[in-house]
Amino acid sequence: MAVVEMQKLSVCALRKNRKAILEALQRMGVMEIETHAVQEEGLEVMDTAASRTSFLKCVERLDSALDLLKSYAPEKEGLLSSLAGKQEVTSKECEAAIADKDAILEVANRMNACEKEIQECRGTIQKLQTRIEQMALWMPLDVSMSFSGTAQTAAFIGTLPCVCDEAALYAYASEGMEDPAAISTQIVYTEKDAVGVFVLCLKQDKKTVEDNLRKHGFARPAQIENGIPAEVATKLAARVEENEKQIATLKEEVASHKDMKDRFKILSDYFRNRAEKYRQLGMIPQTENAFFLEGWVPKAQAADVSALLSDKFDAVVETQDPGPKEEPPVMLHNNKFSQVVEGVLASYGLPQKGRLDPTFIMSIFYVIFFGMMLSDAGYGIVMAIGCGIVLLKFKKLDPGLKKSIQLFFWCGLSTTFWGFMYGGFFGDLIQVVATTYFGYTGGPILKPLWFEPIKDPMKLLMYCLLFGLIHLMTGLILQGVESLRHKDVVGFICDTLSWFMLVLGLVLILLPTDLFGGMAGTTFVFPPFVVTASYVMTVAGLLIILVMSGRRKKNKWPLRLALGLYDIYGITSWLSDVLSYSRLLALGLATGVIASIVNMMASMFGTGPVGPVIFIVICLFGHILNLAINALGAYVHTNRLQYVEFFGKFYEGGGEAFKPFNTDNKYIDIKEES
C-alpha cells in the first residue's frame, strides 16, 4: 500500500560517452528520461530522425518476414501457446545474429520480394480468371471475337438487352430489307435478360443491319479478345497455371528460410531497441563536448545508477527530491496479493503526488465482492484450478496478463468460499444427480455453512448493505487519513469525522426500528447509552456539517449555512450508494437460479439410455455459459463498486505511470547464463 518514492537524477557527461551511457541506462531499465525544449544558447540536439527511420524500416522488414513464415511455414502450436511468453535466447545467439545482421536482412528482403511477386502473380491470376469468365459465354462461337467480316461480308458480334430466338434476331436485323435478306444469324448464348448474338451480312447491307441492331440495343463486348474464344480460354488457363506454379515456387523459397526465424526475432528486437535509443538520443541537449540529461529514478536505486555513471563514465550526477511543483511519475509497490489489482486501479487512474495508494484495501474488498456476486463453489473451483494451471505451466507470461490471471485465481478462491457459505455447487447439481439417478429422497446433501440466499433473500440483502456500508466507511476513514497526513486537522474534523458521526449515528438509530427488524428477521435492542450516543453523534455531525462545510466563506454566515444545508442534503447520495450494494444480492441470486434451471432442464430427459448423455451435454453447455456471463457481470460490477462508490469518497486519480527507458523486446528474452 505504497507509492514508490522517486528522485530526480541530473547527469552531465562527455559527448563521446552519450551512446554508451544511454545503452547502460536502457539495460538497467530504472530511469524515466525527461525531455525539454532546448532554449539555452550553445545547446543543440542531434538529428537522429534518419537513423531512427532506418532502424524502424529494418524492424518492419523483419516482422514482415516473420509473418510470411507464419503463413507459408506454419508451426504446430497448442491451444494455449500464446501464453508461453517470449522465446528465450542466449547472449551468444544474440551476438551472432547481430554480427551477421547484413546477411540476415538480405534474406528478409528477398522474402519480402518473393511476397511482392506472389501478390503480383495473384493479381495476374485474378485478371486472367476474369477474362476466362467473360469468354465462357462465347465458347460456342467458332470465329474470333474481333472478327468483323471478309472482303464481301460484315460481321456483328455483341449483345442485345432482351431474350429472343434466331427468327426474331433475323427479323430485327433485316427490318426494311427485301426478303429473303442475305443475313445469317446465330444466338451464341442466352441469359435471363440478354442474349449474345452473331450476325453476318453482305458488306453493302452493313449500314442498314447495324442501324437495325442498334435500334434494338445492340452493343459490342466491353473487352474483345483476339482469337476463337475456346482457344483464347485455353491459353489464358495455361497462363493461370504458370502463375500458380510460380506462386508455389516462391512460397517454397520463403518456407525454406524457416530456420532463420529465431535470428529474425533477435534482429527485430535489436533494431527496435536501437530505434528507441536513437529517439532518446535525438532529444538530449548537448554542446560540442558534453551532453545533459535528467529523469526520474526510484529512490532506492538512485545511488546505484549514480555510482555506475560516475565510476564507469566519469559523469557528474546530481540527485534531488521532487520540488513542490513537480509531479514525479507513479510506481506502485504492494504485496503479492494486492499487486494483482494494480491494473484495476491504473484503469481508473494512478494516485497523484502525495496521495494514498488504496490498492491493498481495495484488493480485499474486490476479491470478497467478486466472490459474493458469483457465489458458486463449483464455478470458483473451476476458475481457481484453471488459473492455477496456467500460472504453473506458463512461467513467462506477460506481466499484465499474469496479474489478471492471478486476480481471477484469488477471485475463484473467494467464489468457492462464498459458494460453500451459500450451499451452491453448480447450483443444486449434487441434489439433482442424487435425486434423478440414485433415487435419493432425503434432505439437502450439501448444506450451506451460513444460509441459502434463495430461501432468505432479505437476510442476504441486509448483509450486502452492511458490507457496502463498511466499504463506504472505509473510504471515509481513508479520506480522514489523507487529511491527517497533510496536517489538515480542521478538514479531518469537518469533512470526515462529522460525516462518520452522522452516518454511524443514523445507522444506530434506524437499526432498532421495526422496518429493519422485519427485513433482517431479527430485533436489534441497544442499551440506553448506545441509543443516547447515537442521537448525540447524529446531532453533532449535523451541526458540524451545517456550520463548517462553508468555512472558506469565513464571516459570510448566511452563505455558510446555505452551503452546510446543501452538504447535509448529500446524505441522500449515501443512501443511494449503500443501495448500490444490493447488486451483491442480485448477481449472487442470478448465478444460483440460472444454475438450478440448467440442472432442472438437464434432468428432464430421465434415466433412459440417452438421458445421462443429454444431462451431461446440457450441464456442460449451460454451466459454461452461466459461468462466462456471470463472471463477466461480477467483474464489471465489482469494478463499478470500487470506481463509483468507494473511490468517490476519498480518491483522486491523475498520476502519470512510471515509464522507464528500457529494452522493450517483442519476441525474445535473453537467458541469464551462469
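Basis of the calculations
- Residues numbered from 1 in each chain as written.
- Predicted model: local features only at pLDDT ≥ 70, side-chain atom pairs only at ≥ 80, totals over all residues.
- Heavy atoms only, no water.
- Pairing = 2+ DSSP bridges.
- Helix = DSSP H or I, 4+ residues; strand = E, 2+ residues; numbered from the N terminus.
- Axes fitted to C-alpha atoms, helices over the stretch in contact; angles between N-to-C directions.
- Phe/Tyr/Trp six-rings, centres within 6.5 Å; stacked < 30°, edge-to-face > 60°.
- Buried < 20%, exposed > 50% of the residue type's maximum accessible area, 1.4 Å probe, protein only.
- Lys NZ or Arg CZ within 6 Å of the ring centre and 35° of its normal.
- Contact = heavy atoms within 4.5 Å.
- Polar contact = N/O pair within 3.5 Å; in protein donor to acceptor, adjacent residues only side chain to side chain.
- 1 Å grid on protein atoms, 1.4 Å probe; cavity = no way out; pocket = protein on both sides within 12 Å on 5 of 7 lines; lining within 4 Å.
- Points joined across faces, edges and corners; volume = space filled by probe spheres on them.
- Nonpolar A, V, L, I, M, F, W, Y, C, P; charged D, E, K, R; others polar.
- Core = buried A, V, L, I, M, F, W, Y, C linked by side-chain atoms within 4.5 Å.

*Asks:* Mind showing me how you'd approach the sheet that holds strand S9 (residues 316-320) here?
*Replies:* Backbone hydrogen bonds are what pair the strands of a sheet, in a parallel or an antiparallel way. Pairing is antiparallel in the open sheet, where four strands are placed in the order S3-S8-S2-S9. Of all the strands in the sheet, the pair left with one neighbour each is strand S3 (32-34) and S9. With strand direction ignored, the average angle separating the axes of adjacent strands in the sheet is 25 degrees. Both strand S2 (residues 6-14) and S9 contribute to a ladder of five bridges, which runs antiparallel. The partner of Lys8 across the bridge, within S9, is Gln320.

*Asks:* Would you explain the packing of aromatic side chains in this entry?
*Replies:* Where two aromatic rings form a pair, the distance of their centres and the angle of their planes describe that pair. Tallying each qualifying case throughout the model produces 32 aromatic pairs. Considering the side-chain rings of Trp450 and Phe451, the 4.7 Å spacing of their centres and the 75 degrees angle between planes classify their relative orientation as edge-to-face. On the basis of relative accessible area, Trp450 is assigned to the partly exposed category, the value being 28%. Arranged with centres 5.1 Å apart and planes meeting at 70 degrees, the rings of Phe646 and Phe650 form a pair that is edge-to-face. Site record: aromatic cluster; members linked through ring pairs are Tyr348, Phe365, Phe369, Tyr581, Tyr643, Phe646, Phe647, Phe650 and Tyr651. Across the ring face of Trp574, the terminal group of Lys649 is positioned such that the distance to the ring centre comes to 5.0 Å.

*Asks:* Is there a simple way to think about helix H14 (residues 429-438) in this case?
*Replies:* Two residues of an α-helix separated by three or four positions point the same way, owing to the 3.6 residues in each turn. Those residues of H14 not exposed but buried are Leu429, Val432 and Ala434. Looking at the buried positions of H14, the neighbouring elements they touch are helix H21 (583-603) and helix H22 (611-646). At the exit of H14 stands Gly439, carrying a positive phi of roughly 65 degrees.

*Asks:* Any chance you could explain the side chain of Gln7 here in plain terms?
*Replies:* Inspection of the secondary structure assignment puts Gln7 in strand S2. A distance of 3.0 Å separates the side chain of Gln7 from the side chain of Asp321, its partner in a polar contact. Apart from residues no more than four positions distant in its own chain, Gln7 is found in contact with Gly295, Trp296, Val297, Lys299, Ala302, Thr319, Gln320 and Asp321.

*Asks:* What should I look at first to understand the pairing of strand S8 (residues 290-298) in this one?
*Replies:* On any regular strand, side chains alternate: one points to one face of the sheet, the next to the other face. Counting buried positions along S8 yields seven of nine residues, so the element is predominantly enclosed. As defined by bridge partners, S2 adjoins S8 across nine bridges and the pair is classed as antiparallel. For Gln7, the partnering residue across the bridge sits in S8 and is Val297. Bridge analysis of S3 against S8 gives three bridges, and the strand direction is antiparallel. Directly across from Glu34, in S8, lies its bridge partner Glu294.

*Asks:* Even after reading the chapter, I still don't get the sheet that holds strand S5 (residues 153-160), so can you show me in this structure?
*Replies:* Taken together, three strands build an open sheet; the order of strands is S5-S7-S6 and the sheet is antiparallel. Either end of the sheet is taken by a strand with one partner, and the two such strands are S5 and strand S6 (183-190). Sheet twist, expressed as the average angle between the axes of neighbouring strands with direction ignored, equals 15 degrees. Judged from the seven bridges that link them, S6 and strand S7 (residues 195-202) form a sheet pairing that is antiparallel.

*Asks:* Looking at this structure, I do not really get the layout of surface pockets. What am I missing?
*Replies:* Where empty space is left becomes clear once a probe the size of a water molecule has been rolled over the atoms. Quantified by volume, the largest pocket comes out at close to 990 Å³. Residue lining of the largest pocket: 33 residues in total, with Glu342, Asp398, Pro399, Gly400 and Lys403 positioned closest to the centre. Contributions of two or more residues to the lining of the largest pocket are made by helix H10 (342-348) and helix H13 (399-422). Residue contributions to the lining of the largest pocket peak at six residues, all from H13. Class assignment of the residues belonging to the lining of the largest pocket gives a composition of 18 nonpolar, nine polar and six charged. When its volume is computed, the second largest pocket comes out at roughly 760 Å³.

*Asks:* Explain the environment of Pro512 here, please?
*Replies:* Tracing the sequence through the fold places Pro512 in the loop between helix H16 (489-510) and helix H17 (514-520). Classification of Pro512 by relative accessible area gives partly exposed; the value is 32%. Along the sequence, Pro512 and Phe526 sit 14 residues apart, while their C-alpha atoms lie 7.4 Å from each other. Those residues within four positions of Pro512 in sequence are excluded, and the remaining contacts are Phe524 and Phe526.

*Asks:* What is the right way to look at the side chain of His623 in this model?
*Replies:* Positionally, His623 belongs in helix H22. For His623, a relative accessible area of 7% puts it in the buried group. One polar contact links His623 to Tyr379, side chain to side chain, over a distance of 2.7 Å. Not counting chain neighbours up to four residues away, the residues in contact with His623 comprise Tyr379, Phe426, Ala595, Val598, Asn599 and Ile618.

*Asks:* Looking at this model, I keep getting lost on unusual backbone geometry. Mind explaining?
*Replies:* Leaving glycine out, the prevailing phi sign among residues is negative, and the prevailing peptide bond configuration is trans. Following Asp179, the chain continues into Pro180 via a peptide bond in cis, with omega recorded as -5 degrees. Secondary-structure assignment places Pro180 in the loop between helix H5 (166-173) and S6. The backbone of Ser375 shows a phi angle near 45 degrees, a positive value even though the residue is not glycine. Within the secondary structure, Ser375 is located in the loop between helix H11 (359-374) and helix H12 (377-393).

*Asks:* Looking at this model, I keep getting lost on the nonpolar core. Mind explaining?
*Replies:* Grouped burial of nonpolar side chains is what soluble globular proteins tend to show. Counting residues in hydrophobic clusters, the biggest one holds 71 residues, and the most contacted among them are Leu25, Phe264 and Leu309. Per element, the largest residue contribution to this core is 11 residues, and it comes from helix H4 (residues 101-136). Here Phe264 is in contact with Leu62, Ala65, Leu66, Leu69, Ile104, Val107, Ala108 and Met111, once residues within four sequence places are set aside. The next biggest cluster of nonpolar side chains, apart from the first, holds 60 residues, and it includes Ile361, Met362, Tyr379 and Trp499.

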